[in-house]
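Results of the structural survey
So you can see what is in the structure, the chains are spelled out below.
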Amino acid sequence: MTVLVTGSRGTVGSTLISLLRAAGTPVRAASAAPEKLDLPPDVETVRLDLDDPATFPAALAGARQVFLYANPAHIGAFLAEANAAGVEHIVLLSSSSVLYAGAEGNPIARHHLAVEQALKASDIDATFLRPGAFAGNAAGWAWSIKSTGTVALPYPGTQASPIHEADVADAAYAVLAEPRLRGAAYHLTGPESLTATEQIAALAAATGREIAVETVSPEAWKESMAAYMDAEVADALLGYFASYDGRPDYVTRGVEELTARPSRTFAAWAAENADAFRP
């Protein structure tokens, strides 16, 4: 039963491909730019652009399961083609943001919610993985840490339970491999709620260097992010940061439920990626 993996250039997708390949499961790696994939030669690759329905038929032909990144642009056409191709099960990489009040109006949550709703209305069995903040989000601090040894934050006390991307891939593999786990929604988190300051301290310990935290105004932070995200997304993030400032984030056992082992710590992620934060 071939598994089609979308977003194969991403950390979660590429790790999932390695897990499926090691288990001997036929896997097809999909990407909008398959020529940029760095995969073993025995892994089948295909062009799949979720913004271009013309790429759907060839990518889905013969696939029985799909690991899908959330893109609502042409989800109706994608599901129609998947149904015609005989796809039996789709695992959606969604987001825990769909669980919170006002998700329909949140720019971060709404495209995940739209894809979830489309899958619920389809005839294809679907499983939703809803991770919270990825540990890899900390990579956004790398340039500042390397260049100045400082991270500027509007709410250093904001808490999150960052999940290691490998745990998301392990969870996806579990629901693809075990039919009894399908058809449910899983809220996935790391094992502990940490403030941004505590995450930066873990990076300092991993790199063996001092990293300072500078508190800046929300307006100054938004201005510094203007080149990387639009104002609506920045405002949504600031709202999230403020709501979890000094407030513990949810910690679930979703990873353990699916993989029968505890989720990896942020400190483990920091140790694995320490070189990215060194000058």
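Located above this text is the structure these notes cover.
Residues numbered from 1 in each chain as written. Predicted model: local features only at pLDDT ≥ 70, side-chain atom pairs only at ≥ 80, totals over all residues. Heavy atoms only, no water.

**So, helix α6 (residues 165-177)**
The terminal C-alpha atoms of α6, which comprises 13 residues, lie 18 Å apart, in line with the 18 Å expected from a rise of 1.5 Å per residue. For α6, the tally of buried residues reaches 11 of 13 residues, placing the bulk of the element in the interior. Listing the buried residues of α6 in full gives E165, A166, D167, V168, A169, D170, A171, A172, A174, V175 and L176. (Helix = DSSP H or I, 4+ residues; strand = E, 2+ residues; numbered from the N terminus. Expected span 1.5 Å × (residues − 1). Buried < 20%, exposed > 50% of the residue type's maximum accessible area, 1.4 Å probe, protein only.)

**Some thoughts on the nonpolar core**
V5, L16, F67, L188 and L258 are the most contacted members of the largest nonpolar core, which totals 27 residues. Of all the secondary-structure elements, those providing two or more residues to this core are β1 (2-5), α1 (11-22), β2 (27-31), β5 (89-93), α6, β9 (185-188) and α10 (254-259). Counting residues in each nonpolar core, the second largest holds 26 residues, with L50, A70, A82 and I124 among its members. (Core = buried A, V, L, I, M, F, W, Y, C linked by side-chain atoms within 4.5 Å.)

**Side note on the environment of F128**
Note on placement: F128 falls in strand β6 (residues 125-131). C-alpha of F128 to C-alpha of T2: the two residues are 126 residues apart in sequence and 19 Å apart in space. Setting aside residues up to four positions removed in sequence, F128 forms contacts with L92, E116, L119, K120, A184, A185 and Y186. (Contact = heavy atoms within 4.5 Å.)

**Looking at helix α3 (residues 75-85)**
Here α3 has its buried residues at I75, F78, L79, A82 and A85. One face of α3 carries all of its buried residues, which in axial projection span an arc of 125°. In the segment just after α3, G86 is the residue with positive phi, at about 90°. (Arc of directions from axis to C-beta.)

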